[in-house]
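Per-entry structural report
Here's the letter readout for the chains.
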Amino acid sequence: MADESASTPPVTPEGRSTPKINTKVAHPARIYDYYLGGKDNFPADREAAEKMISATRGGVRAGARQNRAFLVRAVRALTDAGIRQFLDIGTGIPTSPNVHEVAQQAVPDARVAYVDNDPIVLVHARALMTGTGGTSIIQADLREPGTILEDPQTRATIDFTQPVGVLLVAVLQFFTEADDPHGIVRRLLAAVPSGSHLVVSHYTADFNPAAATRGAVGAYDKATAPLVPRDREEVGRFFTGLDMLDPGVVQASRWRPDGPAPDIPGGHPWVWAGAGVKP
C-alpha cells in the first residue's frame, strides 16, 4: 500500500506508478468493501459504514449482497444477449466473481474495461488481473466520461463499433443533480452503438422511514462523495430511449432471480435495479 506521506509513488514491476492512497477520508468503494465483509478498508471507511449499518438496522449489508448478486445475473443476461465486451465504471475493490470472471465463463474471449476513481481499486485490480487476458483498469472519474471513453487502455480493450455492456452498478447514487448524472449517462450511451446495453443499480429511500434515510445519507457526510437517494421514476430516467429488459426497474433481488426471491422484507427495498438495450 502506498504511503500517504510519500512524495514519489512507488512503481509496480510493470513500470507503472502506484497511485497515492488517502486513507483518512472514507471512500464509497472501501465502505462497500466493508459491507461485503472485505478487509481492504480503513478506520474512516469503517466509521462511515457502521453509521450506515446502524441507520439501516443492518439492512445495507443484505442490500450490498443483493446488489452484487444482481450484477452477476445482469452480466450473464448480457452475455446471453450477445454482448462480448463490458465497460464497468465504478467497479469497486475486486470481489469474486468479478465481471470478467462471470463474462469469460460464458464467453472465453469476453473483454472488460474497468474504471474507478479510487487508487486502492487500481492497486488490487492490477494485482488480480496479472496474466488475465481481455481486461484493463484505469483510474478515472465518471464526471468526465470523455476521459474514460478516450483513454488508450479503454480503446485497446473496447471496440466501440460493436455493442458494449455499460455497467453503472451502485455508482450513480454518489452524484448530485449538479453533477448531471442523467447527462453523463446520455453521453456514455451516445458513444456506443445500437445493441449496447445499460445496467444500473441505485440506492433508494422509497421504502425507508425518513429518520433512516437521514441517518443513511449522513453516514456519507465525511466521505469523498455524498449519498443521493433517488426514487424509481428518477432511476428509470437513466434508461430514457432504451428498450427495457424484463422485468424493468425493480428491487435488485427481484431482477431475474435464480430462484425464489430471498426472504427479505420488501425484497430488498434499498436498491432499484434494471437493464435496457439501445435500439
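Overview of the structure. Keep in mind the model is a prediction, meaning the values are calculated, not measured.

Basis of the calculations
Residues numbered from 1 in each chain as written. Predicted model: local features only at pLDDT ≥ 70, side-chain atom pairs only at ≥ 80, totals over all residues. Heavy atoms only, no water. Phe/Tyr/Trp six-rings, centres within 6.5 Å; stacked < 30°, edge-to-face > 60°. Helix = DSSP H or I, 4+ residues; strand = E, 2+ residues; numbered from the N terminus. Buried < 20%, exposed > 50% of the residue type's maximum accessible area, 1.4 Å probe, protein only. Expected span 1.5 Å × (residues − 1). Pairing = 2+ DSSP bridges. Core = buried A, V, L, I, M, F, W, Y, C linked by side-chain atoms within 4.5 Å. Contact = heavy atoms within 4.5 Å.

What about the packing of aromatic side chains?
- For the structure on display, the rule yields four aromatic pairs.
- Relative to W270, the ring of Y203 has its centre 6.1 Å away and its plane inclined at 10°; by these criteria the two rings are stacked. Remark: W270 occurs in the loop between strand 7 (250-251) and strand 8 (271-277) and Y203 occurs in strand 5 (residues 197-203); sequence separation between them is 67 residues.
- Assessed through its relative accessible area of 5%, Y203 is described here as buried.
- Among the residues examined, W270 registers a relative accessible area of 10% and is labelled buried.

Side note on helix 3 (residues 59-80)
- Taking 1.5 Å of rise per residue, 22 residues should cover 32 Å, and helix 3 covers 31 Å from first to last C-alpha, within 8% of that figure.
- One or two positions beyond helix 3, positive phi appears at G82, with a value near 100°.

A short note on the pairing of strand 1 (residues 85-89)
- With five of its five residues buried, strand 1 lies for the most part within the structure.
- Along strand 1, one buried face is formed by Q85, L87 and I89 and the opposite face, lined by F86 and D88, is buried too.
- As defined by bridge partners, strand 1 adjoins strand 2 (residues 111-116) across five bridges and the pair is classed as parallel. Note on strand 2: the bridge partner recorded for L87 is A113.
- Sheet topology places strand 1 next to strand 4 (residues 165-169); three bridges connect them, and they run parallel. Each residue of the ladder has a partner; that of L87, found in strand 4, is V166.

Focus on the nonpolar core
- In terms of nonpolar packing, the biggest core is built from 82 residues, with Y35, M52, F86, L142, L168, L198 and Y220 touching the most fellow members.
- The element that contributes the greatest number of residues to this core is helix 3, accounting for nine residues.
- Apart from the residues lying within four places of it in its own chain, the contact partners of Y35 are A49, M52, I53, V60, R61, A64 and Y220.
- Among the nonpolar cores identified, the runner-up in size contains six residues, and F42, I93, I120 and V121 belong to it.

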